[in-house]
Amino acid sequence: MPDTTKETARVVVRKVVDDLERRLATRTRAALTGALDRSARVRRPRHQDIDWNRTIAANLKHYLPEQRTLVPERLVGHGRASRSVRKEVVLCVDQSGSMAASVVYASVFGAVLASMRSIDTRLVVFDTAVVDLTDQLADPVDVLFGTRLGGGTDINRALAYCQSRITRPTETVVVLISDLYEGGIRDGMLKRVAAMRAAGVRFVTLLALSDEGAPAYDREHAAALGALGAPAFACTPDLFPEVMAAAIEGRPLPIPDAG
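Residues numbered from 1 in each chain as written. Predicted model: local features only at pLDDT ≥ 70, side-chain atom pairs only at ≥ 80, totals over all residues. Heavy atoms only, no water.

Novice: Can you explain the overall build of the protein? Please cite residues and give values.
Specialist: Within the protein, the secondary structure is distributed over 8 helices and 10 strands. Split into buried and exposed, the 259 residues of the protein put 42% on the buried side. Of all intrachain contacts in the protein linking residues separated by at least 6 positions in sequence, the fraction that spans at least 24 positions is 78%. With an accessible surface of roughly 13,400 Å², the protein has 52% of that area assigned to carbon and sulfur atoms. (Helix = DSSP H or I, 4+ residues; strand = E, 2+ residues; numbered from the N terminus. Buried < 20%, exposed > 50% of the residue type's maximum accessible area, 1.4 Å probe, protein only. Contact = heavy atoms within 4.5 Å. Areas by Shrake-Rupley, 256 points an atom, 1.4 Å probe, with all protein chains shown as cover.)

Novice: Residue-level account of the packing of aromatic side chains, with values.
Specialist: All told, the structure shown has 1 aromatic pair when counted by the stated rule. Where Phe109 meets Phe240, the ring centres are 4.2 Å apart and the plane angle is 40 degrees; that geometry is what we call tilted. Within this pair, whereas Phe109 is found in helix α3 (residues 100-114), its partner Phe240 is found in helix α8 (residues 240-249), the two being separated by 131 residues in sequence. (Phe/Tyr/Trp six-rings, centres within 6.5 Å; stacked < 30°, edge-to-face > 60°.)

Novice: Residues and numbers for the pairing of strand β6 (residues 119-126), please.
Specialist: The buried count for β6 comes to 6 of 8 residues, which makes it a mostly enclosed element. As for the winding sense of the linkage, the β-α-β connection from strand β5 (residues 87-94) through α3 to β6 is right-handed. In this sheet, strand β7 (residues 130-132) lies alongside β6 in antiparallel orientation, the contact comprising 3 bridges. From the neighbouring strand, Phe126 faces β7, where its bridge partner is Val130. Taking the residues that link successive antiparallel strands as the turn, the β6-β7 hairpin has 3 residues. (Right-handed = clockwise from strand over helix to strand, strands pointing away. Pairing = 2+ DSSP bridges.)

Novice: Give me the lowdown on the packing of helix α6 (residues 186-199) against helix α7 (residues 219-227), citing residues and values where you can.
Specialist: Orientation of α6 relative to α7, taken along the N-to-C sense of each, is 25 degrees, at an axis distance of 10 Å. Taken together, the axis directions place α6 and α7 in an arrangement best described as roughly parallel. At the point where α6 passes α7, the crossing takes the right-handed sense. Between α6, through Arg186, Met189, Leu190 and Val193, and α7, the contact on the second element is made entirely by Glu220, His221, Ala224 and Leu225. Split into classes, the residues belonging to the contact of α6 with α7 amount to 5 nonpolar, 1 polar and 2 charged. (Axes fitted to C-alpha atoms, helices over the stretch in contact; angles between N-to-C directions. Parallel < 35°, antiparallel > 145°, perpendicular 65-115°, else oblique. Left-handed = near helix turned anticlockwise from the far one by under 90°. Nonpolar A, V, L, I, M, F, W, Y, C, P; charged D, E, K, R; others polar.)

Novice: A description of the sheet that holds β6 should follow, citing residues and the corresponding values.
Specialist: Spatial strand order, β7-β6-β5-β8-β9-β10: 6 strands in an open sheet with mixed pairing. Either end of the sheet is taken by a strand with one partner, and the two such strands are β7 and β10 (232-235). The average undirected angle you get between the axes of adjacent strands in this sheet is 25 degrees. For β5 and strand β8 (residues 172-177), the ladder comprises 6 bridges, and the chain directions are parallel. Among the inter-strand pairings, Glu88 is bridged to a residue of β8, identified as Thr172.

Structure below.
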């Protein structure tokens, strides 16, 4: 692409990316940050962290009936999850032609996640080759122009690379975004997923990150991954923050109705 044409395209793409970030970033950050650790209690909570039900229960003896007022001499609050434990998120994105919309959304989400200090984010795109675009996450436009759509698909090879970069499996979430039409070694792909799951990695397979979802995918591979505890389902951008929050917190995933 000529430099002048590329610069014009960059302006257009930047407007789209900025709009996506405005629409998605706030919701994503709200879903993933400042999660309250409900099991921890603190004696001097900030106002927004006060557990009012427990505070009232703890101060019932200080109720003043003539004034119909309760004096909260002792506040009970929620403790915030420790920020010293950084979560690691690996977005592994199929860049075959049918996944074009997914690459766009994944690059934007990757940039949003990378801006959060409590999360280490890695973005990997693949066809039969594997490219780590983590160093470009500050600018989704660079990611989009640096991604070559098309070619074959080798999920096993991509997962081998991702697996080699995981240092804290119990604090890591791997998100494979693909239609699962594997051109590599199918058994190898499944063995890698099983090994990561056994090590404590939370593994999620999203069949698409487009507004419409995923109309076509390899159902046999999706079923095999689901049997390994790595559910595969179509995901829209609006659902992605909730999926990530649930995966990071170890909660059941908000899997949409197949119908």
